[in-house]
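The chain contents come next:
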Amino acid sequence: MSRWFDKLFCVWAFVLALAVPAGAAEPNMATIPTGWFDTTQADLRLFPGRLKDDAKATFFNADNLALLTWAGIASVAMNNGNADDDVAEHFAEHDTFGTFSEDALFIIGSPVTHFAGTALWYVLDAETQDEPGRQKAVTMLSALTITATVTGGLKMIRDNDQPDGQNWAWPSGHTSSSVAVASVLHEFYGLKVALPAYATAGVVAWRMMDDGDHWASDVVFGAALGWVVGHTVAQRHGAPEIAGFEIQPFSGGNPQEPAMGISFARRF
């Protein structure tokens, strides 16, 4: 049932991306957010345009396209050759995880879990008016949405069978989403945070092959896709720093007398 839920989620993400408008209205002086609810409404208005720009920056980049092309070639070679079958046979004979750990890793690596966690991150930071944290959460949501949309679209186009006989094998959505999360965290918080996240993504990818949910080629391309999207989107929205302080736009005052400027933020 959980696998079908993930597949339906991929379809939803794909349809959502097709349905978003081409652009979004820019905020004006009369609609400056003054509270949690207004902040969320403003972000929702701007999110479709931001999503479009992030996707263009990701897939209109020559280096990114080259990496994805090479990953695609490697994936095709693995699938058409013996690599996928050999890896699947190895995992069929050597089970790594027990039932509980398999289920736990499936949930940890699920795009649904990543979206839910990021949504909670956004709500908490919006409520406490943590502007840097809120912007990072929005960036993560953008990266996850692009990753899920492209993954879901490719699954529907390719529509090949998994080792266990289920369909929609290529690419691995759990892998692409997990690597995208790790890549965004890498850009924002460095290797101290990224290394555990990458390790978790690696274990999730291993689990997807170990349980027969994916071929090795599904995991290879999924990892490349998550890496490209996560790093590109996070780099676009990384805040400049001065002496360790992030420079952020500032808005305050009230609708009658709004104030605009910049602010300096740092976590201790």
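Residues numbered from 1 in each chain as written. Predicted model: local features only at pLDDT ≥ 70, side-chain atom pairs only at ≥ 80, totals over all residues. Heavy atoms only, no water.

**Structural notes on the overall build of the protein**
We count it as follows: In DSSP terms, a helix is any run of H or I states spanning at least four residues, a strand is any run of E spanning at least two, and both are numbered starting from the N terminus. The buried label applies to any residue whose accessible area, calculated with a 1.4 Å probe on protein chains only, is under 20% of its type's maximum; exposed applies above 50%, and partly exposed to all values in between. Throughout, a contact is declared for two residues whenever any of their heavy atoms are within 4.5 Å. In this description, accessible areas are obtained by the Shrake-Rupley approach with a 1.4 Å probe, and a residue is regarded as covered only by the protein chains that are shown.
Helix and strand content of the protein: ten helices and three strands. Reading the protein from its N terminus to its C terminus gives the helix and strand order α-α-α-α-α-α-α-α-α-α-β-β-β. Counting every position in the protein, which comprises 268 residues, the buried fraction comes to 42%. Sequence-distant contacts in the protein: of pairs separated by 6 or more residues, those separated by 24 or more amount to 70%. Carbon and sulfur atoms make up 65% of the accessible area of the protein, which amounts to about 13900 Å² in all.

**Observations concerning the packing of aromatic side chains**
So the rule is basically this: Stacked, tilted and edge-to-face are the three classes applied to pairs of Phe, Tyr and Trp rings, where Trp contributes its six-membered ring and a pair requires centres within 6.5 Å; stacked means planes under 30 degrees apart, edge-to-face means over 60, and tilted covers the rest. A positively charged side chain is recorded as over a ring if its NZ (Lys) or CZ (Arg) lies within 6 Å of the ring centre. The angle to the ring normal must also be within 35 degrees.
Taken as a whole and assessed by the stated rule, the structure comprises four aromatic pairs. Relative to Phe-221, the ring of Trp-170 has its centre 4.7 Å away and its plane inclined at 35°; by these criteria the two rings are tilted. Of this pair, Trp-170 sits in the loop between α7 (131-158) and α8 (173-189) while Phe-221 sits in helix α10 (residues 216-236), and the two are 51 residues apart along the sequence. Classification of Trp-170 by relative accessible area gives buried; the value is 16%. With a relative accessible area of 8%, Phe-221 lands in the buried category. One cation-aromatic arrangement involves Lys-136 over Phe-188; the distance from NZ or CZ to the ring centre is 5.3 Å.

**Brief notes about the confidence of the model for the protein**
Heads up, the condition is: Confidence scores labelled pLDDT are given residue by residue by the predictor and lie between 0 and 100.
With 75% of its residues at a pLDDT of at least 70, the protein reaches an overall mean of 83. Confidence drops under a pLDDT of 50 for residues 240-244, and excluding neighbours within four residues, the segment shows nine contacts in the predicted structure.

**Re the side chain of Asn-64**
Counting through the fold element by element, Asn-64 comes out in helix α3 (residues 62-80). By relative accessible area, Asn-64 is classed as buried at 12%. With sequence-adjacent residues up to four places away left out, Asn-64 is seen in contact with Ala-57, Thr-58, Val-228 and Thr-232.

**Considering the pattern of salt bridges**
Definition in use: What makes a salt bridge here is a side-chain nitrogen of Lys or Arg within 4 Å of a carboxyl oxygen of Asp or Glu, nothing more.
All told, the structure shown has five salt bridges when counted by the stated rule. A salt bridge links Arg-134 to Asp-43; its shortest N-O distance comes to 2.3 Å. Highlighted residues: Arg-134 in helix α7 and Asp-43 in helix α2 (residues 36-59), separated in sequence by 91 residues. Each member of the pair, Arg-134 as well as Asp-43, carries the same accessibility label: buried. The network of salt bridges with common partners includes Asp-43, Glu-131 and Arg-134.

**What to know about the packing of helix α6 (residues 111-127) against α8**
How we decide: Under this scheme, a helix contributes an axis fitted over its contacting stretch, all axes are lines through C-alpha atoms, and angles between N-to-C directions fall in the 0 to 180 degree range.
With their axes 9 Å apart at the nearest point, α6 and α8 run at an angle of 30° to one another. Judged by residue contacts, Pro-111, His-114 and Trp-121 of α6 engage Gly-173, His-174, Ser-177, Ser-178, Val-181 and Tyr-189 from α8.

**Structural notes on the environment of Gly-222**
Turning to its location among the elements, Gly-222 is positioned in helix α10. Taking the relative accessible area as the measure of exposure, Gly-222 reaches 0% and is therefore buried. Measuring from C-alpha to C-alpha, the distance between Gly-222 and Ala-71 comes to 9.0 Å, with 151 residues separating the pair along the chain. Setting aside residues up to four positions removed in sequence, Gly-222 forms contacts with Pro-171, Ser-172, Thr-175 and Ser-176.

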